[in-house]
Amino acid sequence: FETSEVALPKSDKTMAAGEYLLHLTGDDAAVVRVGQVLRVDEGTVHRQLVDGGGDRTGIATGYWSAHGFASPDEVGEFQSVEVPLASGEHRDAWLFPGNSDHWVIHVQGIRTSRGVTLRTVAIAHEAGATSLTITYRGSGDGPPSRAATLGAREWTELRDAITYARSQGAQRVTVVAWSMGAALMLELLKHDPRAVDDLVLMCPVSSWAETIEYGAVQTGLPRQAAGLAALLMRTRLGAKVLGLPEPVDVRKLDWTYPGSLPVPTLVIHSQGDEVVPWSSTMKLVASNPDTVTFVESVACPHGFELTVPDPEARSRLLEWLIS
């Protein structure tokens, strides 16, 4: 740290355009907002300190975030609520009141927090809708779990959140699902094709088999490693070894077939995604031409959509939520 800038290890994420959050850890815990790239040295990128840096100097540790908002109150007035589940349990959620009976339910991905969704909450707030950001078992700020079942079981918690929204007077329910949150929504539609009125999928996981294979290739492993992992996940012993709560058959967690999106759907994704393959999104879109509107985000890493400056994607999402 220097007075007005911070030096970071150079990567696709720390080089991305836009403003980001740097979460400092340890005794120096704080959230710092980082702005434009000032200059790039060999292996290092220097960026502007926008807020939270104070007179900080020296070396610190932390992690980079594309969430955009450090806390929900930066978006607007909100309440902490509990969403009842059919099982008798409850899940924590944030409720952002709107001025209409249009509710937007925002679903984060695996091992992330509700902070991911605040970017779309802000746009829904601009559209006048009420927003509900939910948690579920396997999400970063949901109940502790050894591992997620990749949507095979968690979809019921999204179903119950939709039921809660309807019970509170929602007449139109839109789900905005990020990453693995899309897997929950797609699996829910398999069980109830009219569960929601419309939806938005952000960098969506639409085929776990392809996503696991893509991840293996990205990390330099052979494709066969992905097949072995998928095989292990289907067995009780393999699931136990991998830390899964139960066997998961990823072959059944593929929603890129015709008719998988029976309701109007806006899909936003970037070819720069290093986690979720572009190819599976293209299959999802091509298989549902009558219901899908597709917007290609500017090139960016996974989950950086709407943090990387992208006027078209933002305006198309706003128009979708207002319509």
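Above this text sits the structure in question.
Because the structure is a prediction, the values reported are computed rather than measured.

Enquirer: I'm lost on the overall build of the chain in this one. Help?
Expert: In terms of helices and strands, the chain carries nine helices and 13 strands. On C-alpha atoms alone, the chain measures out to a radius of gyration of 20 Å, which is about the 20 Å that the 2.2 N^0.38 rule sets for 323 residues. C-alpha extents for the chain along the principal axes are approximately 55 × 50 × 40 Å. Within the chain, the proportion of its 323 residues that are buried is 51%. Of the accessible surface of the chain, which amounts to about 14300 Å², a share of 52% is contributed by carbon and sulfur atoms. The positive charge centre, built from 27 side chains, and the negative charge centre, built from 39, are 8 Å apart in the chain.

Enquirer: Mind showing me how you'd approach the sheet that holds strand β5 (residues 62–65) here?
Expert: Each strand in a sheet pairs with its neighbour through backbone hydrogen bonds, running either in the same direction (parallel) or in the opposite one (antiparallel). Read from one edge to the other, the open sheet built from five strands follows the order β1-β4-β3-β2-β5, with strand pairing classed as antiparallel. A strand with exactly one partner marks an edge of an open sheet, and here the two such strands are β1 (5–9) and β5. Mean inter-strand twist for the sheet, computed between neighbouring axes without regard to direction, equals 40 degrees. Pairing geometry for strand β2 (residues 20–24) and β5, over four bridges, is antiparallel. In the sheet register, Leu24 faces β5, and the bridge partner there is Gly62.

Enquirer: Explain the pattern of salt bridges here, please?
Expert: Where charged atoms of side chains with opposite charge meet at close range, the side chains can pair. The tally for this structure, following the rule as stated, stands at 17 salt bridges. Of the charged contacts, one joins Lys13 and Glu274 as a salt bridge, the two residues approaching to 3.9 Å between their closest N and O atoms. With Lys13 in helix α1 (residues 12–15) and Glu274 in the loop between β12 (265–269) and α8 (278–287), this residue pair connects regions lying 261 residues apart in the sequence. A residue is classified by how much of its surface remains accessible, and Lys13, at 37% relative accessible area, is partly exposed. Between Arg172 and Asp198 there is a salt bridge, with its nearest N and O atoms 3.1 Å apart. Residue Arg172 is found in strand β10 (residues 172–178), and its partner Asp198 is found in strand β11 (residues 198–202); the two are separated by 26 residues along the sequence. The exposure class of Asp198 is buried, given its relative accessible area of 4%. Residues participating in the shared-partner salt-bridge network are Glu89, Arg91, Arg137 and Glu157.

Enquirer: Help me understand the packing of aromatic side chains, please; the structure alone is not making it clear to me.
Expert: Aromatic ring pairs are described here by two measures, namely the spacing of the ring centres and the angle between the planes. Scanning the entire structure with this criterion turns up six aromatic pairs. Considering the side-chain rings of Trp103 and Tyr164, the 6.4 Å spacing of their centres and the 75 degrees angle between planes classify their relative orientation as edge-to-face. Of the two residues, Trp103 is situated in strand β8 (residues 102–107) and Tyr164 in helix α3 (residues 155–167); the sequence distance between them amounts to 61 residues. Judged by its relative accessible area of 7%, Trp103 falls in the buried class. The class for Tyr164 is buried, based on a relative accessible area of 13%.

Enquirer: For this particular structure, what's the right way to read a nonpolar patch on the surface?
Expert: A cluster of nonpolar side chains, namely Leu228, Leu231, Leu232, Leu237, Val241 and Leu242, defines an oily patch on the protein surface of about 580 Å² accessible area. Of all the secondary structure elements, the ones that give two or more residues to the nonpolar patch are α6 (223–233) and α7 (236–242). When you line up the elements, Leu228 lands in helix α6.

Each value, and the rule that gives it
- Throughout this description, residue numbers start from 1 for each chain and increase along the sequence as written.
- Note on the predicted model: pLDDT of at least 70 is required for a residue's local features to be given, and 80 or more for side-chain atom pairs to be given and counted; whole-chain, interface and lining totals, by contrast, use all residues.
- Hydrogens and water molecules were not included; the side-chain quantities draw on all heavy atoms of the structure.
- In this description a helix means any DSSP run of H or I spanning at least four residues, a strand means any run of E spanning at least two, and both kinds are numbered starting from the N terminus.
- What the globule rule says is 2.2 Å times the number of residues to the power 0.38, and the radius of gyration is computed from C-alpha atoms.
- Each residue is placed in one exposure class: buried if its accessible area under a 1.4 Å probe, protein chains only, is under 20% of its type's maximum, exposed if it is over 50%, and partly exposed if it falls in between.
- The accessible surface values rely on the Shrake-Rupley method and a 1.4 Å probe; as for residues, cover is taken only from the protein chains in view.
- In this count, Lys and Arg are taken as positive residues and Asp and Glu as negative ones, while His and the chain termini are left out.
- A charged residue contributes its charge at one atom only: NZ of Lys, CZ of Arg, CG of Asp or CD of Glu.
- The criterion for strand pairing is that DSSP finds at least two bridges linking the strands in question.
- Note on method: axes are straight lines fitted to C-alpha atoms, helices fitted across the in-contact stretch only, with angles between N-to-C directions ranging 0 to 180 degrees.
- Think of a salt bridge as a Lys or Arg side-chain nitrogen and an Asp or Glu carboxyl oxygen that are within 4 Å of each other.
- For Phe, Tyr and Trp, rings pair up if their centres lie within 6.5 Å, where Trp contributes its six-membered ring, and each pair is then called stacked (planes under 30 degrees apart), edge-to-face (over 60) or tilted (otherwise).
- Note on patches: the residues involved have over 30% relative accessible area and no salt bridge, like charges join within 9 Å, and the nonpolar side chains Val, Leu, Ile, Met, Phe, Trp and Tyr join within 5 Å.

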